[in-house]
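# Breakdown of the fold
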Amino acid sequence: MRIDVFSIFPEYLQALDLSLIGKARQKGLLEIAVRDVRDYALDKHRSVDDTPYGGGAGMVMKPEPWALALESVLPQGAEGQAGEDAPLLIVPSPAGRVFDQSLAYELAEERHLVFACGRYEGIDERVYDWAGAHFRVMPVSLGDYVLNGGEVAVLAMVEAIGRLVPGVVGNPMSLVEESHSDGLLEYPVYTKPASWRGMDVPDVLLGGNHAAIEAHRRAEQLRRTASRRPELLEGRSAADLSRADLAV
Ligand code: 6GU
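Per an unreviewed UniProt entry, the protein goes by tRNA (guanine-N(1)-)-methyltransferase and derives from Falsarthrobacter nasiphocae. As recorded by UniProt, the Function (unreviewed entry) comment attached to the protein reads in full: "Specifically methylates guanosine-37 in various tRNAs." As recorded by UniProt, the Subunit (unreviewed entry) comment attached to the protein reads in full: "Homodimer."

### Some thoughts on the sheet that holds strand S2 (residues 31-36)
Spatial ordering of the open sheet is given by S2-S1-S6-S5-S7, a layout of 5 strands whose pairing is parallel. Each edge of the open sheet is held by one strand with a lone partner, namely S2 and strand S7 (136-141). For this sheet, the mean inter-axis angle between neighbouring strands, taken without regard to orientation, is 30 degrees. Sheet topology note: the strand S5 (residues 88-98)/S7 ladder contains 7 bridges and is parallel. Residue pairing across strands places Leu88 opposite Arg136, the latter belonging to S7. Here helix H5 (residues 151-162) sits on the sheet in contact with strand S1 (2-7), S5, strand S6 (112-116) and S7, set at roughly 170 degrees to S1.

### Here we look at the domain arrangement of the protein
Considered domain by domain, the protein is made up of domain 1 (2-162) and domain 2 (177-246). A straight line from the C-alpha centre of domain 1 to that of domain 2 covers 38 Å.

### Points about the site of the ligand
Among the 13 residues in the neighbourhood of the ligand, the closest are listed as Pro92, Pro94, Leu142, Leu147 and Ala153. Where the shell around the ligand is concerned, the elements lending two or more residues are S5 and S7. Take the shell around the ligand: its biggest share by element is 3 residues, from S5. The residue makeup of the shell around the ligand, split by class, is 8 nonpolar, 5 polar and no charged.

Quick notes on the rules
Residues numbered from 1 in each chain as written. Predicted model: local features only at pLDDT ≥ 70, side-chain atom pairs only at ≥ 80, totals over all residues. UniProt positions renumbered as here; feature names shortened; annotations may be inferred. Pairing = 2+ DSSP bridges. Helix = DSSP H or I, 4+ residues; strand = E, 2+ residues; numbered from the N terminus. Axes fitted to C-alpha atoms, helices over the stretch in contact; angles between N-to-C directions. Contact = placed C-beta atoms within 7 Å. Domains from an automatic or database assignment. Near = placed C-beta within 6 Å. Nonpolar A, V, L, I, M, F, W, Y, C, P; charged D, E, K, R; others polar.

Right, dumping it as structure tokens:
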């Protein structure tokens, strides 16, 4: 998968050199390039913002540096309407579609993602209209709160998406058993010692009855989800929840 990130603070994205995502880049599973929008500015001061028409607080990002930046990742001669195979331009914004695990799975199937990190009060709206001719454009939000720019959101999204690309996570089973993979929160985990500061690991986990362990973990997933995130259980029919669940 190819990923291009545009930002005026490329240093924020240095965390993508680390850990699992950094290793996946080294292995060539993820081809990630971080680019400075200022490199596409037109004046010697490399300015990328200006005052808003109509007045108001703050500054707005100028359209031309963004168009030049985004054009630089398009295949040569790519013009006209953006088809199904056009790169997907993700615009981090608190006004976007909320990012969740199902969207992460969806985006992990893409060939080429481009992230446009706005700063200040945002990017001139005409950039999105222009971009629609060359990209599929998707505003995406991490949740209902405000960040100063898209960089931290891109770190979260690239990590969530990248780890779903085949080969990035060494043991694919860890993707199956984690929170949200089946719409429920993860079961609690324990390691040695079996007794610690007066607290014991549940007995069933110490035995070798795999069916009993599985039933226990499933029950814990449901208990935890009902207690912390009850809205995740809404709309799940009794039939949807397995027989082991009903025995809880
Ligand atoms: Cl994706 N971007 C910004 N700037 N703020 C946010 C966000 C994204 N998600 C929540 N707040």
